[in-house]
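# Summary of structural features
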Amino acid sequence: MQVLRNARVATMDGHAAGVPLVEGASIALDGDRIAWVGPTADLPAAFEKAAVRDLEGRLVTPGLIDCHTHIVYGGDRAREFEMRLEGASYEEIARAGGGILSSVRHTRGASEDELLAQALPRVDALLREGVTTLEIKSGYGLDVDSELKMLRVARRIGESRQVRVVTTWLAAHALPPEFRTDRAGYIERVVLAGMDRGHAEGLIDAVDGFCEGIAFSVDEMARVFDRAKALGLPVKLHAEQLSDLHGAAMAAEHGARSADHLEYLGPDGVAAMAKNGTVAVLLPGAFYTLRETKLPPVQALRDAGVPIALATDSNPGTSPLTSLLLTMNMGATLFRLTPAECLRGVTRHAARALGLSDRGVIEPGARADLAIWDVQHPAELSYRIGFNPLHARIFGGQYA
């Protein structure tokens, strides 16, 4: 048992507009759980003999949660980034071997060890910023063996680093060349068959898909979600990023934990998400990289009481971002979220988007995943650009 004393604690509990702060606080940790939190003057006698660490007035928040990433993949797409800046069109880049199929080719060709070696530096960048929980999707293999290979690598990341990894089956990400004229066959033989196999192997925590004109339709994704439900797997959806296909509404009606991107989300989608408790996960890194101009309907989401989370969307093409702190700044600057909304978006609401009720807050019974910061006010976490004020990260009650 240990006590962290002399802290300013952002508990992230409740629904206040700002950040709930306890000044002059202590946090008592018992193993990997929080046993007590409150003003030091009120510390129960049961903790008086515990080991004490003085935090010297530093800010403590829940450990940060990146609830949407594609951080396992082979190769990179820096050359096509350069080509776009030189004026090449999407079609020209694709003909030159770029685009998502470039990532598919490199991911299929890499071993598990190679994919792990490539992913770990990206993961480590997030951990250095206080991340303690990380979602990782498949989606760059697009055949059963390669998709499962990605999820095995994701599991290995959780074994080799002090971070909780949540895995997501995203075979319904794009159509590979070999199934260009057989969409139904791809869904049956790769998306559904692979889901069955991955579930049987214990590799899948949730199921996702890309619902868009360039990807999969609402009806196709509903079929995928029906199979997920039959397996007892929760669902989420990339929705309304480029157009409003009403995918978010369909996902919410299927009990989706989250709908993500949402730049083109309409009133029906907002209403369905509010009714069904679906979290809106906003991804400013992709918005920035794609030079999008259509803002997600933040005020409509607020007015409807839809929880808003933020995530890096870390991926090789549209969001090569490995900083959740920069994501918070982008959420504030690009989407006009308040600093308090940004912090809730990477703690309490991000945990909800992953279906994790034991983290994202600092309260008795919650997991002892904490971030300790050299800042005076929580707003500094969203305010600064390219500056990391993390003092220490605690994972499961241990300094990591």
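What counts as what
- Residues numbered from 1 in each chain as written.
- Predicted model: local features only at pLDDT ≥ 70, side-chain atom pairs only at ≥ 80, totals over all residues.
- Heavy atoms only, no water.
- Helix = DSSP H or I, 4+ residues; strand = E, 2+ residues; numbered from the N terminus.
- Rg over C-alpha atoms; globule rule 2.2 N^0.38 Å.
- Buried < 20%, exposed > 50% of the residue type's maximum accessible area, 1.4 Å probe, protein only.
- Contact = heavy atoms within 4.5 Å.
- Areas by Shrake-Rupley, 256 points an atom, 1.4 Å probe, with all protein chains shown as cover.
- Pairing = 2+ DSSP bridges.
- Axes fitted to C-alpha atoms, helices over the stretch in contact; angles between N-to-C directions.
- Core = buried A, V, L, I, M, F, W, Y, C linked by side-chain atoms within 4.5 Å.
- Salt bridge = Lys/Arg side-chain N within 4 Å of Asp/Glu carboxyl O.
- Domains from an automatic or database assignment.
- Buried area = accessible area lost by both parts, 1.4 Å probe.
- Polar contact = N/O pair within 3.5 Å; in protein donor to acceptor, adjacent residues only side chain to side chain.
- Parallel < 35°, antiparallel > 145°, perpendicular 65-115°, else oblique.
- Left-handed = near helix turned anticlockwise from the far one by under 90°.
- Nonpolar A, V, L, I, M, F, W, Y, C, P; charged D, E, K, R; others polar.

### Quick notes on the overall build of the protein chain
Along its length, the protein chain carries 15 helices and 16 strands. Rg of the C-alpha trace for the protein chain: 21 Å, near the compact-globule value of 21 Å for 400 residues, within the 12% margin. With respect to the principal axes defined by its C-alpha atoms, the protein chain has extents near 70 × 45 × 45 Å. Across the 400 residues of the protein chain, 58% fall into the buried class. Excluding contacts between residues fewer than 6 apart, the proportion of contacts in the protein chain whose partners are at least 24 apart in sequence is 70%. Of the roughly 15,600 Å² of accessible surface on the protein chain, a fraction of 51% belongs to carbon and sulfur atoms.

### Focus on the sheet that holds strand 12 (residues 279-282)
What the eight strands build is an open sheet, ordered 6-7-8-9-10-11-12-13; its pairing is parallel. Edge positions in the sheet fall to strand 6 (64-66) and strand 13 (308-310), since each has one partner strand and no second. Averaged over all adjacent pairs, the angle separating strand axes in this sheet is 25°, with direction ignored. Note: strand 10 (residues 236-239) against strand 11 (residues 258-261), four bridges, orientation parallel. Each bridged residue has a counterpart across the sheet, and for leucine 237 the counterpart in strand 11 is alanine 259. The strands touched by helix 6 (residues 183-200) within the sheet are strand 8 (164-172) and strand 9 (206-211), with strand 8 carrying the most contacts at an inclination of about 160°.

### Points about the nonpolar core
Of all hydrophobic cores here, the largest spans 110 residues; its most connected members are Ile27 and Ile157. Not counting the four nearest positions on each side in its chain, isoleucine 27 is found in contact with Gln2, Val3, Leu4, Val9, Ile34, Trp36, Val37, Val60, Ile362 and Leu370. By size, the runner-up hydrophobic cluster in this structure holds 13 residues, among which are Val281, Leu283, Ala351 and Ala353.

### Brief notes about the pairing of strand 3 (residues 33-39)
Pairing geometry for strand 2 (residues 21-30) and strand 3, over six bridges, is antiparallel. Bridge assignment links leucine 29 to a residue of strand 3, and that residue is isoleucine 34. Counted along the chain from strand 2 to the antiparallel partner strand 3, the turn is two residues long, and its residue glycine 31 has a positive phi close to 65°.

### Describing the pattern of salt bridges
By the definition in use, this model includes 32 salt bridges. Of the charged contacts in the structure, one is a salt bridge between glutamate 86 and arginine 79, with a shortest N-O distance of 3.5 Å. Classification of arginine 79 as partly exposed rests on a relative accessible area of 46%. When salt bridges that share partners are traced, they join Glu112, Asp113, Asp145, Arg152, Arg156, Arg197 and Glu201 into one network.

### Concerning helix 3 (residues 100-109)
Count 3.6 residues to each turn of an α-helix, and residues three or four apart come out pointing the same way. Along helix 3, the residues classified as buried are Ile100, Ser102, Ser103, Val104 and Thr107. In the core, the buried residues of helix 3 are packed alongside helix 4 (112-127) and helix 5 (144-160).

### Concerning the domain arrangement of the protein chain
Frequently, the measure chosen for interface size is the accessible area removed from exposure when the parts meet. Each assigned domain of the protein chain is listed with its residue range as follows: domain 1 (2-63 + 359-399) and domain 2 (64-354). Of note, the centres of domain 1 and domain 2, computed from C-alpha atoms alone, are 30 Å apart. Taken together, the contact pairs 31 residues of domain 1 with 25 residues of domain 2. When the buried surface of domain 1 facing domain 2 is broken down by residue, Arg359, Ser382 and Arg393 rank first, second and third, together holding 27% of it. Between domain 1 and domain 2 we count zero salt bridges in total. At the junction of domain 1 and domain 2, the tally comes to 10 residue pairs in polar contact (both at pLDDT 80 or more).

### Some points on the packing of helix 6 against helix 7 (residues 218-231)
The contact between helix 6 and helix 7 brings their axes to 11 Å, and the two run at 20°. By the criterion of interaxial angle, the relationship of helix 6 to helix 7 is roughly parallel. For the crossing formed where helix 6 meets helix 7, the hand is right-handed. Counting all contacts with helix 6, which are made through Arg183, Ala184, Ile187, Glu188, Val191, Leu192, Met195, Asp196 and His199, the residues of helix 7 involved are Glu220, Arg223, Val224, Arg227, Ala228 and Leu231. When the residues that make up the contact of helix 6 with helix 7 are grouped by side-chain class, the tally is eight nonpolar, one polar and six charged.

### Quick notes on the environment of leucine 64
For leucine 64, the position within the fold is in strand 6. With sequence-adjacent residues up to four places away left out, leucine 64 is seen in contact with Glu129, Gly130, Val131, Thr132, Thr133, Leu324, Leu325, Leu343, Val346, Thr347 and Trp373.

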